[in-house]
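# Breakdown of the fold
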Amino acid sequence: MQQLTIFMDIESSRSYIDELYSSEPSKTLEALVTLKNSVIGSNRQKSSVIQQGIVPRLLQLMSDETLDPNIRLEATITIGSLAKGTAENVSSLVEQGAASALVELLRTVTLGTKLVEASLCALRSIFLHPPAPVTALPVDMRLLSKLTQIAREGSPTARTCVVRILSIWCGGPVEQEALCAAGACGAAAALLASRTSPPPARALPALDLLAAMCFENTSVSQVALNTRHGDKTIPELLTFLVSRDKPLPVAMGAARCLTFMHRAGALPPDDNRVVFGALPCLARLCTKDMPEDIRATAAETLAYLAEVDTSLQRLAAISNHLMSSLADIVNCPSAAAKQGAFKCFASLGANDEDIRKKIIETHGLMVHVVNGMNNPEPTVRLAAVRCLHSLSRSVQQLRTTFQDHAVWKPLMQLLNDSPGTELLTVGSSTLCNLLLEFSPAKEPMLDQGAVEMLCNLTKRPEAALRLNGIWALMNMAFQAEQKVKQRILSCLGTEQMFRLLGDSDTRVIMKTLGLLRNLLSTRQHIDAIMSEYSSQVMQAVIVVLEGSYPAEVKEQALCILGNIGDGEKAKDLIMANEDVLRKLVDYLAHPESKLQEAALFVANNLVWRGEAGAAARQARLAELGVLRALKLLYARQDAAHLHDKVTTALAQFNEFT
């Protein structure tokens, strides 16, 4: 039926479409006007015209500088009308080069003409359909300067169109810097300035442009901070717009700009425009009487505002009943609302135990978090896990609330379902906390295959995932039963352990050594593990002590030696390795205090008098220079803080002193 309708449309329009190709300008113009009138308000007619292959002719008429300006104008207006059609219509226009042709037109057209306005309206319509053809607009300073000039001096329609286009186009540092250099901050300020209040149609594109330019860009935000229109700076204009009497989308947009300027470092966290402007505005926009879309955006923006600053987190937590507002937003049907609320809870609870307690006590929140992890929308699942990660920093909640709600179950399920890298990163960070020794979730998570999953994470190409995997295994091994330690060792394997010790990320190496330290704790466990893995463990320690590792990494390796030295039988493995013993002498004389102290820990465990075979070990260590090194360390003025420990070690050598 649709095919028949389009065929009838084609037949009825054939006469004037033929005239588009006429050599007589008057007939071409008349045909264009008829075509324009036929497509306005009718998606069916738009689709019909595009399918008839007329777009290339319209672009040709629009671009030909030798033609009657009215012909070019009508062709451009018609392209603009077609761009207001369906997503398929716009995709077809882009494929046929409409966006690029409009940009080229803007390069050459004279400012102040109707053709400028028509071309900008058409280009805006195309850009408003995602994905916008941003590559059609090059980073060309001459063109960008022309566009920002239109934004300052053009007709009201041209100004709002060009600013909307640029706000969509500005997608990264290159575009941000180019627009800043072209004077876009001043253009945005001009649109925001008004004796009373700028109309939303004018203010919103300017706010979106300013936000896009300032996002995570310190230099642009600094320029925006100092840009004036008349006697007011941009932050002053924004502060005026966040007040209660302004339209909600305008207040929201202004608060976003202030937020982005703060996070980029242009406004400090204690700046009045942040503390008394952006923050209370966002908290107000989260309240129950606001529209859902505004609440969703406000919650997400507030999450970003307070994400890294404890003082802002504390202030937000007591602002305008925010906790109950966020709990209510979690109940909203849209994914955007749920996501915004979870992100905001995550930010607020990032650093302060009292705030975390307050969040946990918010009615029914943990049920919502568990439900959020099972939500069909990936963005909601990720935000729920972020919230859980933030709350999992609380020792008290790990022991109580998290156990009551068995939050580890949906988390393990999520992580086993091959999630994206971002969810896997946040989820595995949460696992690190859930696997701390005092967490009751530890045992059931082991039964669900946590060891195997974490060992697999250590093999991932992403450093953050390798780090989380080995960190969680380290936490799991802390004060664990011997069977758990054996399971970790057999699953991870010594080959992978050596790979991790050669990792490009020092943090991964540190946590791998931390895992070894936790595995080699408790005498019985030390002897049992060393009886099976002694050569591999000793090799790992030697690799670090001989390698060009930072001091904190070598310190960990020495601490592992100290733990081995605490084993009844394991200490003989150190005594049998002359290379290691000579290194012990070297580290007792090392200029780094932390390495001296770690070497002292090893020496003390090896020479302790009450242990079987102590006299023979003391004699051997004295022979290799350990006793002399201890005496030299005692005499050093810069090692006075170690005197008590050195004295303890020397006291074991009583027959030699």
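Residues numbered from 1 in each chain as written. Predicted model: local features only at pLDDT ≥ 70, side-chain atom pairs only at ≥ 80, totals over all residues. Heavy atoms only, no water.

Right, let's talk about the UniProt feature "repeat: HEAT" (unreviewed entry) in the chain for a bit. UniProt's feature table lists "repeat: HEAT" (unreviewed entry) at residues 54-92, given in the numbering used throughout. From the first C-alpha to the last, residues 54-92 spans 12 Å; its make-up is 74% helix and 0% strand. (UniProt positions renumbered as here; feature names shortened; annotations may be inferred. Helix = DSSP H or I, 4+ residues; strand = E, 2+ residues; numbered from the N terminus.)

The tally for this structure, following the rule as stated, stands at 26 salt bridges. For Asp352, the salt bridge is made with Arg314, and the minimal N-O distance between the two is 2.7 Å. Linking Asp352 in the loop between helix H21 (335-348) and helix H22 (353-360) with Arg314 in helix H19 (residues 310-317), this pair joins segments that are 38 residues apart in sequence. A residue is classified by how much of its surface remains accessible, and Asp352, at 10% relative accessible area, is buried. For Arg314, a relative accessible area of 47% translates into the label partly exposed. Between Lys483 and Glu481 there is a salt bridge; the shortest N-O distance is 3.7 Å. Given the relative accessible area of 44%, Glu481 is considered partly exposed. Taken together, the shared-partner salt bridges connect Glu578, Arg582, Arg620 and Glu623 into one network. (Salt bridge = Lys/Arg side-chain N within 4 Å of Asp/Glu carboxyl O. Buried < 20%, exposed > 50% of the residue type's maximum accessible area, 1.4 Å probe, protein only.)

Attention now moves to the packing of aromatic side chains. This model, assessed by the stated rule, comprises three aromatic pairs. Aromatic side chains Phe215 and Tyr304 sit 5.7 Å apart centroid to centroid with 40 degrees between the ring planes, which places their arrangement in the tilted category. Here Tyr304 lies in helix H18 (residues 292-306) and Phe215 lies in the loop between helix H13 (200-214) and helix H14 (218-226), a separation of 89 residues in the sequence. In this structure Tyr304 comes out as buried when scored by relative accessible area, which is 16%. Clustering of aromatic rings is evident, with ring pairs tying together Phe215, Phe260 and Tyr304. Between the NZ or CZ atom of Lys246 and the centre of the ring of Phe240, over which it lies, the distance is 4.1 Å. One Lys or Arg, Arg263, reaches over the ring of Tyr304 and ends 4.2 Å from the middle of that ring. (Phe/Tyr/Trp six-rings, centres within 6.5 Å; stacked < 30°, edge-to-face > 60°. Lys NZ or Arg CZ within 6 Å of the ring centre and 35° of its normal.)

With that out of the way, let us pick up the nonpolar core. Ranked by internal contacts, the top residues of the largest apolar core, which has 239 residues, are Leu120, Leu147, Leu238, Leu348, Leu561 and Ile564. Of the residues forming this core, the biggest block, 11 residues, is contributed by helix H35 (residues 523-546). Not counting chain neighbours up to four residues away, the residues in contact with Leu348 comprise Ala306, Gln313, Ala316, Ala317, Leu322, Met323, Leu326, Ile355 and Ile359. (Core = buried A, V, L, I, M, F, W, Y, C linked by side-chain atoms within 4.5 Å. Contact = heavy atoms within 4.5 Å.)

Helix H8 (residues 114-127) packs onto helix H7 (residues 98-108) with a crossing angle of 150 degrees between their chain directions and a minimal axis gap of 10 Å. Judged on the interaxial angle alone, H8 and H7 are roughly antiparallel. Between H7 and H8 the crossing geometry is left-handed. Mapping the contact onto sequence places Ala98, Ala99, Leu102, Val103, Leu105 and Leu106 in H7 and Leu115, Val116, Ser119, Leu120, Ala122, Leu123 and Ile126 in H8. Classifying every residue of the contact of H7 with H8 gives 12 nonpolar, one polar and no charged. (Axes fitted to C-alpha atoms, helices over the stretch in contact; angles between N-to-C directions. Parallel < 35°, antiparallel > 145°, perpendicular 65-115°, else oblique. Left-handed = near helix turned anticlockwise from the far one by under 90°. Nonpolar A, V, L, I, M, F, W, Y, C, P; charged D, E, K, R; others polar.)

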